[in-house]
Amino acid sequence: MGWDRVILHVDMDAFYASVEQRDDPSLRGKPVLVGHDGNRGVVSAASYEARKFGCRSAQPMSLARRLCPAAVILPGDMKKYQRISSQIMAILDDYSPLVEPISIDEAFVDLTGTERLLGPPFEVATRVKQHILRELSLTASVGLAANKFLAKLASDLNKPDGLTVIAPEDVNVILPPLDVSKLWGVGPKTADRLAEVGVRTIGDLQLVPKNVLDQRFGELGGHFHRLCRGLDTRAVTPDQQAKSIGHETTFGADLDHPEDVRAVLIHLSENVAWRLRRHNRRAKTVTVKIRYGDFQTITRAQTLTPPTDLTESIWHAASQLFNFWAGQSFRPVRLVGVSVSQLTEPPAQLCLFEHPTERKQRKLDTAMDAINTKYGKHALRRGAGRGGA
Amino acid sequence: MKVICNRGALFEALNVIGNVVNPRSPKEVLKCVKLSAMDDRLVLSATDLEVAIRYSDSQVQIETPGETLLPADKFRDIVRESIDDTISIEVISEQAHLRGNDSHFKIYTQPASEFPPMPEFGGEADFQVTGGQLKQLIGQTLFAAAKESTRYAFNGVLLVVKNKVLHLIATDGRRLALAKGDPIGVKKNEKELSQPIIPAKALNLLEKLLSDPEETVGVQLTENQIMFSTPNATLTSNLVEGQFPPYDDVLPKESDKKMTASTADFLSAIKRASLLTTEESKGVRMAFNKKGLVLSSRSPESGEATVNFACKFEGADIEIGFNPAFLVDALRVVDADEISLELTAANRPGLMKGGNNFSYVIMPVNLQ
């Protein structure tokens, strides 16, 4: 078994609780529980400070409160977590077109074959962690291995803020002593049934012949037989149904000048177009989102024919939408966003006469993508000062 | 104005020119046909300000000369449903009376003076061509023009006279059709002739207008208009503005792979191979080798199709994908029993030829 694939698993540390501590400095260093604080409330997330007292997610809130009476209990803000989650996924998107989110705070990233472009996987994993920390001030634990199961296992071995590699040659050292409940698909019930036959560790399970597992667990038997040997062929499947790609920026202070907003808009358009091209998609609709200081939010959309993945076309549309709005009713802006939707595959039919301007723009995009992939996302950008479309 | 018309001839005239009229025009006069009764004929005119047709109906008896505007749709309906051999049209104080044996229609007219002036061309034709020849060239190219491209030049057909040969060329950016014919006489020095792009709508109408293969059609050009004149009709059209793409550059000059086959058999093979394709299917896969051609297609919903087609093929084996509809379009209009298809690579255009006068360049589809 070698490194035939390189899979990264990214798991945010105590996600909801960490977000709350990030946004309210007074909570830092204190035990925080996120969840409904009622008789039947359940803990959704516990900060690491609260975990020292034995608090866990999925625990009844009443129990958690008894374990740690000093804990600050917060109801949580799903909208906020969702938004940060998409920011995390957008960051991961920069490292591979194959990103599979598995929950709000967890994702697999397939780094196979990116070494030449991005560098050694271990360094990429380090960069991903730094990137998330720099942009979102949150920590993640990541695991690097040759398949999904081992990568997820790795990220769990060293939390919080960990970076764990399970190399193929380490599998036979790391797996055997671990509890069977670490296996994907083994919950408390299955663990009990395995314990009945004396299987408590993954090493124990490795000794059980396949036909016995098949007999006892049916189809799952074969699955356990492979997993306990560290074998897992599941592919990282990005959400093919991705309906839109978007980027947005919130400003520290509201921007008073349309030109300042336009300067940001052009970078957002570049990012969106870049991700479109990485996903090999074309977009039919461009939407610009603007939020005022009072949180009132408006969106303006424009349809593109034919669908495009060219930076210039997306920027042109976004810029037109923005100019039209700014010309009529500019107000200081708190947040601006660009997104594309109605995504389609690029046409299979080749062109006899590509549009001369389009051909030039495509050449430019291809060249810029190559440079930005090699030297980092912000190595080369369009000038913000230009008048633009 | 009073005129008695042969119903059949009048209906034919209305069928030809009625198609110019835009029934949704915001201007009432543009929904009308202009009737001008003069000497021994009734001239019917219609325009959408882009294309204008004037048609002379001589199977009439003029009682009183005059002019009027009649709503095209109602006029055509009445003439179509009429059971009479002749219809009389009489205009009395802004009302037209259409009378048959047992019927009398009174319709409100519009003042003839409000009808936009029809373009006038002085002098004689720049060149002439037979109706049959022109109709064939239109049929062999017009289908390849784009329907509503933002690149306006693609929505028309380019006309070129070069080395005393008349060329019509059309493309939608993915395939290109070129048909050649012989003009009867080129009056002007052909270098002085512009290379107009004629809107698809004008050629569609012209095709319907050309009923007699033997008749002579005069073609005359100005800077931004073209006129086609037959013995009893003239069609004038504005030209499409824009730059036609460099068609000569995309005509493959050399190829090292060539198939030759019967036109009818090849058409049948492609039609059968594409029966299971859908909008999403990328195209028909064509694998050429010494033994012939294997056509196959697949659609996720319906299934797979394979057709083994025996044909002559010279050159190295090649697999290439094409949109079957594009091939069928061309095979339907090619005027030759045998066609050739020349190829170079799976991502390079193919060149289909039928006889010496029809060339068709087609870009492949990416099969991956």
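Residues numbered from 1 in each chain as written. Chains lettered and ligands numbered in written order. Predicted model: local features only at pLDDT ≥ 70, side-chain atom pairs only at ≥ 80, totals over all residues. Heavy atoms only, no water.

Draft legend 1. Highlighting the nonpolar core. With 98 residues, the main nonpolar core has F266 and M286 of chain B as its most contacted residues. For this core, the leading source of residues is helix α4 (residues 200–209) of chain B, giving 6 residues. Within the second largest apolar cluster, 36 residues are counted, among which are L74, L92, I104 and L111 of chain A. (Core = buried A, V, L, I, M, F, W, Y, C linked by side-chain atoms within 4.5 Å. Buried < 20%, exposed > 50% of the residue type's maximum accessible area, 1.4 Å probe, protein only. Helix = DSSP H or I, 4+ residues; strand = E, 2+ residues; numbered from the N terminus.)

Draft legend 2. Highlighting the packing of aromatic side chains. Per the counting criterion, the structure on display carries 12 aromatic pairs over all chains. Relative to Y360 of chain B, the ring of F143 of chain B lies with its centre 5.9 Å away and its plane at 40 degrees, an arrangement referred to as tilted. You can see F143 of chain B sitting in the loop between α3 (131–141) and β11 (156–162) and its partner Y360 of chain B sitting in strand β27 (residues 358–362), a full 217 residues away along the chain. Here F143 of chain B matches Y360 of chain B in class, with each residue buried. One aromatic cluster in this structure is built from Y292, F322, W325 and F330 of chain A. Of note, R278 of chain A hangs over the ring of W274 of chain A, and the distance from its end group to the ring centre comes to 4.9 Å. The ring of F326 of chain B is capped by R175 of chain B, whose NZ or CZ atom sits 4.1 Å from the centre of that ring. (Phe/Tyr/Trp six-rings, centres within 6.5 Å; stacked < 30°, edge-to-face > 60°. Lys NZ or Arg CZ within 6 Å of the ring centre and 35° of its normal.)

Draft legend 3. Quick peek at the sheet that holds strand β4 (residues 51–57) of chain B. Residue and element names in this part refer to chain B. Strand order in this open sheet of 9 strands is β6-β2-β3-β4-β18-β17-β16-β10-β14, and the pairing throughout is antiparallel. Only two strands of the sheet have a single neighbouring strand rather than two, namely β6 (66–71) and β14 (185–186). Note: β4 against strand β18 (residues 233–238), 5 bridges, orientation antiparallel. Bridge pairing in β18 places Y55 opposite A233. Across the sheet, helix α1 (residues 7–18) is in contact with β2 (32–38), β3 (41–47) and β4; its angle to β4 comes to roughly 170 degrees. The strands touched by α3 are β10 (127–130), β16 (216–221) and β17 (225–230); relative to β10, the strand with the most contacts, the crossing angle is about 85 degrees. (Pairing = 2+ DSSP bridges. Contact = heavy atoms within 4.5 Å. Axes fitted to C-alpha atoms, helices over the stretch in contact; angles between N-to-C directions.)

Draft legend 4. Spatial organisation of the pairing of strand β13 (residues 175–181) of chain B. Residue and element names in this part refer to chain B. Along β13, 6 of the 7 residues are buried, which leaves the element largely enclosed by surrounding structure. Pairing geometry for strand β12 (residues 165–171) and β13, over 6 bridges, is antiparallel. Across the sheet, the residue bridging to T171 is L176, located in β13. Here β13 runs beside β27; their pairing, made up of 5 bridges, is antiparallel. Following the sheet pairing, L176 is matched in β27 by V361.

Draft legend 5. The sheet that holds strand β6 (residues 106–110) of chain A, seen in detail. All names here are of chain A. Taken together, 5 strands build an open sheet; the order of strands is β5-β6-β1-β7-β8 and the sheet is mixed. Each edge of the open sheet is held by one strand with a lone partner, namely β5 (99–103) and β8 (163–165). Taking each pair of neighbouring strands and ignoring which way they run, the sheet shows an average axis angle of 15 degrees. Bridge analysis of strand β1 (residues 7–12) against strand β7 (residues 140–145) gives 6 bridges, and the strand direction is antiparallel. Its bridge partner being in β7, I7 is matched across the sheet by A145. Here helix α7 (residues 148–157) sits on the sheet and contacts β1, β5, β6, β7 and β8; the angle it forms with β7, its principal contact strand, is near 140 degrees.

Draft legend 6. Molecular detail of the interface of chain A and chain B. Taken together, the 10 residues of chain A in the interface contact 21 residues of chain B. Of the roughly 1,300 Å² buried at the junction of chain A and chain B (both faces included), carbon and sulfur atoms supply 68%. Ranking the residues of chain A by area buried against chain B places Q349, L352 and F353 of chain A at the top, with a combined share of 57%. Counting the contacts that link chain A with chain B gives 0 salt bridges. Between chain A and chain B we count 7 residue pairs in polar contact (both at pLDDT 80 or more) in total. Residue composition of the side of chain A that touches chain B, grouped by class: 6 nonpolar, 2 polar and 2 charged. (Buried area = accessible area lost by both parts, 1.4 Å probe. Salt bridge = Lys/Arg side-chain N within 4 Å of Asp/Glu carboxyl O. Polar contact = N/O pair within 3.5 Å; in protein donor to acceptor, adjacent residues only side chain to side chain. Nonpolar A, V, L, I, M, F, W, Y, C, P; charged D, E, K, R; others polar.)

Draft legend 7. Structural view of the pairing of β5 of chain A. Residues and elements named next belong to chain A. Pairing between β5 and β6: 4 bridges, direction antiparallel. Each bridged residue has a counterpart across the sheet, and for V99 the counterpart in β6 is V109. Connecting β5 to the next strand, β6, in antiparallel fashion are 2 residues.

Draft legend 8. Highlighting the pattern of salt bridges. This structure, assessed with the given rule, holds 37 salt bridges over all chains. We note a salt bridge from D13 of chain A to K159 of chain A, for which the minimum N-O separation is 2.9 Å. Placement of the pair is D13 of chain A in the loop between β1 and α1 (15–23) and K159 of chain A in the loop between α7 and β8, with a sequence separation of 146 residues. K159 of chain A sits in the partly exposed class, given a relative accessible area of 26%. Residue R80 of chain B pairs with E81 of chain B through a salt bridge whose shortest N-O separation is 3.3 Å. Each of E20, R22, D23 and K80 of chain A takes part in one network of salt bridges that share partners.

Draft legend 9. Broad picture of the environment of G66 of chain B. Residue and element names in this part refer to chain B. Along the chain, the position of G66 falls in strand β6. It is 8.6 Å that separates the C-alpha atoms of G66 and V91, two residues lying 25 residues apart in sequence. Ignoring any residue separated from it by four or fewer positions in sequence, one finds G66 in contact with M1, L35, S36 and A37.

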